[in-house]
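Coordinate analysis (summary)
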Amino acid sequence: MAERSAARARPFTSRTLHRWLGLGAALLFAAVATTGVLLQLEQLFGEEETQKETLARLTSPVDLGNDLTVDDAALARARRSLLASFGNRPVDSIDWQIKGPAQQFVFHLGGASPIKAMVDVPSGRLLSSEPDEEEWLLRLHTGEILGDGGKVLGLFWGLALLAMLVTGSIVYVQLYRARQRAGKARGGLRRYFWRPGP
């Protein structure tokens, strides 16, 4: 009974805070770390990254000494192709990709489900299309997949990581000092690391 009372009266220390933060944040850290690793692998080996690297090795056939006017007829062909494929949609922006095997227009179409569509400039033919939004893995990594609540959650797990760093450092210093007072600290660089002792 006395032991239980003593346990209840135990003060709330930085070590206790560190443990509770670690327990509460463990799942969040695991999710962030896993999605972060997958995103890095995607950056290294993904198709989009391969295309970027291929284009980076090429030299653009156009420079500022050339006329950069977009051919109205080519743009009209691209517009008709997209109108036939997706119906009438708002156009948020158009990118003109000059470098590469063939020039392309990249249309960013708005609406309930935004679309990014690549169109061949000379023919106006639709080459490919995809949802024009951040991929789900990135949204999961940032917490945005849960909406505004996920963004707040992401802020909290970032703050929890900083708090764990601070409280962990405090715990380390406390243990080190206790070890020194007990006369069990080692000399040289080894004094900063120790095995748990009796």
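Residues numbered from 1 in each chain as written. Predicted model: local features only at pLDDT ≥ 70, side-chain atom pairs only at ≥ 80, totals over all residues. Heavy atoms only, no water.

Some details on the sheet that holds strand E4 (residues 126-131)
Rules: Pairing between strands requires that DSSP locate at least two bridges from one strand to the other. The helix and strand labels rest on DSSP assignments: H or I over at least four residues marks a helix, E over at least two residues marks a strand, and numbering proceeds from the N terminus. For helices, the fitted axis covers only the stretch in contact; all axes are lines through C-alpha atoms, and the angles between them, taken along N-to-C directions, range from 0 to 180 degrees. Whether two residues are in contact is decided by their heavy atoms, any of which lying within 4.5 Å being enough.
Taken together, the four strands give an open sheet; going across it, the order is E1-E2-E3-E4, and neighbouring strands pair in antiparallel fashion. Looking at strand neighbours, the two that pair on one side only are strand E1 (91-97) and E4, the edges of this open sheet. In this sheet, adjacent strand axes meet at a mean angle of 15° when their direction is disregarded. Across six bridges, E1 lies against strand E2 (residues 104-109) in antiparallel orientation. Bridge pairing links Ile94 to Phe107 in E2. Across the face of the sheet, helix H4 (residues 72-86) comes into contact with E1, E2, strand E3 (115-120) and E4 while running at roughly 45° to E2.

Here's the deal with the side chain of His108
Going by this rule: Exposure classes here rest on a 1.4 Å probe applied to the protein chains alone. A residue is buried below 20% of its type maximum, exposed above 50%, and partly exposed in between.
Here His108 lies in strand E2. Residue His108 is classed as buried on the basis of its relative accessible area of 13%. Discounting chain neighbours no more than four positions away, the residues touching His108 are Pro90, Val91, Asp92, Ser93, Asp95, Ile115, Lys116 and Asp132.

A look at the layout of surface pockets
Stated formally: Definitions used throughout: a 1 Å grid over protein atoms alone; a cavity as a set of points that fits a 1.4 Å probe which cannot get out; a pocket as an open set with protein on both sides within 12 Å along at least five of seven lines; a lining residue as one with an atom within 4 Å of a point. Grid points are joined across faces, edges and corners, and a volume is the space filled by probe spheres set on the points.
Looking at the largest pocket, its volume works out to about 1100 Å³. For the largest pocket, the lining is made up of 30 residues, of which Glu48, Gln51, Lys52, Lys116 and Glu130 are closest to its centre. Residue assignment for the lining of the largest pocket shows that the elements contributing at least two residues are helix H2 (14-45), helix H3 (47-56), E1, E2, E3 and E4. Tallying contributions element by element places H3 first for the lining of the largest pocket, with seven residues. Around the second largest pocket sit Arg79, Leu82, Leu83, Gly87, Asn88, Arg89, Val91, Ile94, Phe107 and Leu109, which together line it. For the lining of the second largest pocket, the secondary structure elements donating two or more residues are H4, E1 and E2. The element contributing the most residues to the lining of the second largest pocket is H4, with three residues.

As for the pattern of salt bridges
It is possible for side chains bearing opposite charge to pair when their charged atoms get close. For the record, the criterion: Salt bridge, as applied in this entry: a Lys or Arg side-chain nitrogen positioned within 4 Å of an Asp or Glu carboxyl oxygen.
For the coordinates displayed, the defined rule picks out one salt bridge. Where Glu130 meets Lys116, a salt bridge forms, and the shortest distance between an N and an O atom there is 3.5 Å. Taken as a pair, Glu130 in strand E4 and Lys116 in strand E3 lie far apart in primary sequence, 14 residues in all. Judged by its relative accessible area of 36%, Glu130 falls in the partly exposed class.

Considerations on the environment of Ser129
Mapped onto the fold, Ser129 is located in strand E4. Under the relative-accessibility criterion, Ser129 is labelled partly exposed at 39%. Sequence spacing of Ser129 and Phe107 is 22 residues, and the spatial spacing of their C-alpha atoms is 9.2 Å.

Concerning the environment of Gly110
As for its position among the elements, Gly110 is in the loop between E2 and E3. Gly110 sits 22 residues away from Asp132 along the chain, and the two C-alpha atoms are 8.6 Å apart. Beyond its immediate stretch of four places on either side in the chain, Gly110 contacts Arg89, Pro90 and Asp92.

Examining the nonpolar core
Formally: Only buried Ala, Val, Leu, Ile, Met, Phe, Trp, Tyr and Cys residues count toward a nonpolar core, and they belong to the same one when joined by side-chain atoms within 4.5 Å.
If you look at the biggest cluster of nonpolar residues, it comprises ten residues: Ala74, Ala78, Leu82, Phe105, Phe107, Leu109, Ile115, Ala117, Val119 and Val121. Contributions of two or more residues to this core are made by H4, E2 and E3.

Quick look at the pairing of E2
Of all six residues in E2, six are buried, a share of seventy percent or more. Side-chain alternation along E2 places Gln104, Val106 and His108 on one buried face and Phe105, Phe107 and Leu109 on a second face that is also buried. The turn linking E2 back onto E3 is made up of five residues, and Gly111 within it adopts a positive phi angle of 120°.

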